[in-house]
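Residue-level structure breakdown
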Amino acid sequence: MKSRFEFVKDALEARQRAEQLRSLNEFEKDSGLINVCGNDYLGLSKHPQVINYSQNYLLKSGAGSTASRLIAGTNRAHIELEKELATWLERESVLLFNSGFQMNSSLIGALADKNTHLYYDKLNHNSLIQGAILSRANLHRYRHCDTDHLSTLIKKYHSAGKHHIIVTESVFSMDGDVPNLSEISNIADEFDAILIVDEAHSVGLWGPGGRGFTFDDSRVDMVLGTFGKAFGSFGAFAACSDQLKTYLVNFCPGFVYTTALPPATIGATLGALKLMPTLDEVRNRVLNLSQKFRTELTQHGFDISGSTSQIIPVVIGSEEKTLELAQKLQNAGFQAYAVRPPTVAAGRSRIRFTITADLTEKHIDQLIAELLTS
Ligand SMILES: Cc1ncc(COP(=O)(O)O)c(C=O)c1O
């Protein structure tokens, strides 16, 4: 008789045969390896003010929020963070979520149903894809960063009585490129579509004072962000109108049915937010270093997949060669990993480098030297 877990065994064996089995490796923060793959772009996860705020909120309010936001989980810290963030982003309202993945996978389902047409960039994050599946909406995926294709699709499916929602990232998480956001805003305007931009990899780092690429664009109906990257903490937010916030509070299961973020996490994020206006010099350093790395890689003929940001993939193609290169970089003291299918398309295996405030020009020179001898 077949075991009831036969399908689990089969799936794992298939992954193993393809040499794509994922496993969890412990990473010692003090391993001595130089981190060139994390998303702590401004180095805030270790900033004394962020840690201090986190400790204070922990001691003041305890380890857990103890309930969902709508029951007894909303305390002054949640309200304070939502208000301060809305003021900083110059948006009417902000709603906190427990993580970017949780927000994206449930928020799309709250806004879309089978009468909705969703228009997604082909490389939108998996969390957004999960949201689309959950919503049962009609999903149209346009070619990566191809606004002509978006336009063609929305013209084709546009009809009265249907909702139309365009969703894109501002900095793509695996390729580090940026779409033509003003063109996407124009298309949203022309077809009266809701426009949602996931700024997970830009808020904190890009735009005026780190307020993202869409800071000045009131045509963007909802800006999504996470605190797990440039803020150095954890959690996520949707910045939108008061009305949309109220709608999500009422209809978004990923907000309603979960325990509120704990005080220490809210504290860390508040500490990071208060630092944001002081960090222009750090941002410039990270962006200049990113540019140096991109320029040198391109000059040496590496495929960086059109990156224009701090996320810089070096696309190798073959999985085996990418794994070998990751090992070589680790032996040389860099914490670098191979990113392979199914995370990226077949034949597009890569090392995904990220530039953070902890890196220096010397690190970039060392990395280039290692890559050139690979
Ligand atoms: C574009 C994008 N959106 C959302 C997320 C999820 O955010 P979080 O890490 O807070 O769950 C990520 C993180 O990998 C991301 O890259």
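Residues numbered from 1 in each chain as written. Predicted model: local features only at pLDDT ≥ 70, side-chain atom pairs only at ≥ 80, totals over all residues.

1. Considerations on the pairing of strand β4 (residues 138-142)
Looking at chain direction, strand β3 (residues 116-121) and β4 are connected through five bridges and run parallel. By the bridge assignment, Leu118 is partnered in β4 with Leu139. As for the winding sense of the linkage, the β-α-β connection from β3 through helix α6 (residues 126-135) to β4 is right-handed. (Pairing = 2+ DSSP bridges. Helix = DSSP H or I, 4+ residues; strand = E, 2+ residues; numbered from the N terminus. Right-handed = clockwise from strand over helix to strand, strands pointing away.)

2. Some thoughts on the pairing of strand β12 (residues 349-354)
Where burial is concerned, most of β12 is hidden: six out of the six residues are buried. Alternating positions in β12 separate into two faces, Ser349, Ile351 and Phe353 on one and Arg350, Arg352 and Thr354 on the other, with burial throughout. Bridge count between strand β11 (residues 338-339) and β12: two bridges; the pairing is antiparallel. Each bridged residue has a counterpart across the sheet, and for Ala338 the counterpart in β12 is Ile351. (Buried ≥ 20, exposed ≤ 12 C-beta atoms within 10 Å, placed from the backbone.)

3. Some thoughts on the environment of Phe172
On the secondary structure map, Phe172 appears in the loop between β5 (163-169) and α8 (181-190). Taking the C-alpha atoms as reference points, Phe172 and Asp198, separated by 26 residues in sequence, lie 9.1 Å from one another.

4. Considerations on the packing of helix α12 (residues 280-299) against helix α14 (residues 361-372)
It is the contact of α12 with α14, at a shortest axis distance of 10 Å, that shows an interaxial angle of 20 degrees. Judged by the angle between their axes, α12 and α14 are roughly parallel. Crossing angle aside, the handedness with which α12 passes α14 is right-handed. Residue-level contacts link Leu289, Lys292, Phe293 and Glu296 of α12 to Glu361, Ile364 and Ile368 of α14. Here the contact of α12 with α14 is composed, by residue class, of four nonpolar, no polar and three charged. (Axes fitted to C-alpha atoms, helices over the stretch in contact; angles between N-to-C directions. Parallel < 35°, antiparallel > 145°, perpendicular 65-115°, else oblique. Left-handed = near helix turned anticlockwise from the far one by under 90°. Contact = placed C-beta atoms within 7 Å. Nonpolar A, V, L, I, M, F, W, Y, C, P; charged D, E, K, R; others polar.)

5. Here's the deal with the environment of Cys145
Position of Cys145 relative to the elements: it lies in the loop between β4 and α7 (147-157). Residue classification places Cys145 among the buried residues on the basis of 21 C-beta atoms within 10 Å. On a C-alpha basis, the gap between Cys145 and Ala14 in space is 33 Å, while along the polypeptide they are 131 residues apart. In this view, Cys145 contacts Asp121, Asp177 and Pro179; residues no more than four positions away in its chain are not counted.

6. So, the site of the ligand
By nearness alone, 14 residues border the ligand, and Gly100, Phe101, Ser173, Ala200 and Thr226 come closest of all. The element that contributes the greatest number of residues to the shell around the ligand is helix α5 (residues 100-111), accounting for three residues. Among the residues making up the shell around the ligand, the classes are represented as three nonpolar, nine polar and two charged. (Near = placed C-beta within 6 Å.)

7. A short note on the nonpolar core
Ranked by size, the top nonpolar core spans 98 residues in total, and within it Ile166, Phe237 and Ala238 carry the most contacts. Residue contributions to this core peak at seven residues, all from helix α11 (residues 263-275). Residues within four places of Ile166 in sequence aside, it is in contact with Tyr119, Leu150, Ile184, Ile187, Ala188, Ala193 and Leu195. (Core = buried A, V, L, I, M, F, W, Y, C linked by C-beta atoms within 7 Å.)

8. Side note on the domain arrangement of the chain
Frequently, the measure chosen for interface size is the accessible area removed from exposure when the parts meet. In terms of domains, the chain is made up of domain 1 (23-42 + 279-372) and domain 2 (48-277). Relative placement of domain 1 and domain 2: their C-alpha centres are 26 Å apart. Facing the 20 residues of domain 1 at the interface are 18 residues of domain 2. A breakdown of the residues in the side of domain 1 that touches domain 2 according to their chemical character gives nine nonpolar, seven polar and four charged. (Domains from an automatic or database assignment.)

9. Describing α8
All of the buried residues along α8 are Ile184, Ile187 and Ala188. Along α8, the residues classed as buried sweep out an arc of 100 degrees about the axis, all on the same side. In α8, the exposed positions angled more than 90 degrees off the buried face are occupied by Asp189 and Glu190. Following α8 by one or two positions, Asp192 adopts a phi angle in the positive range, close to 50 degrees. (Arc of directions from axis to C-beta.)

10. Examining the sheet that holds strand β9 (residues 311-317)
Read from one edge to the other, the open sheet built from three strands follows the order β9-β12-β11, with strand pairing classed as antiparallel. Whereas interior strands pair on both sides, the edge strands pair on one side only; in this sheet they are β9 and β11. As paired strands, β9 and β12 are joined by six bridges and run antiparallel to one another. Opposite Ile311, over in β12, you have Thr354 as the bridge partner.

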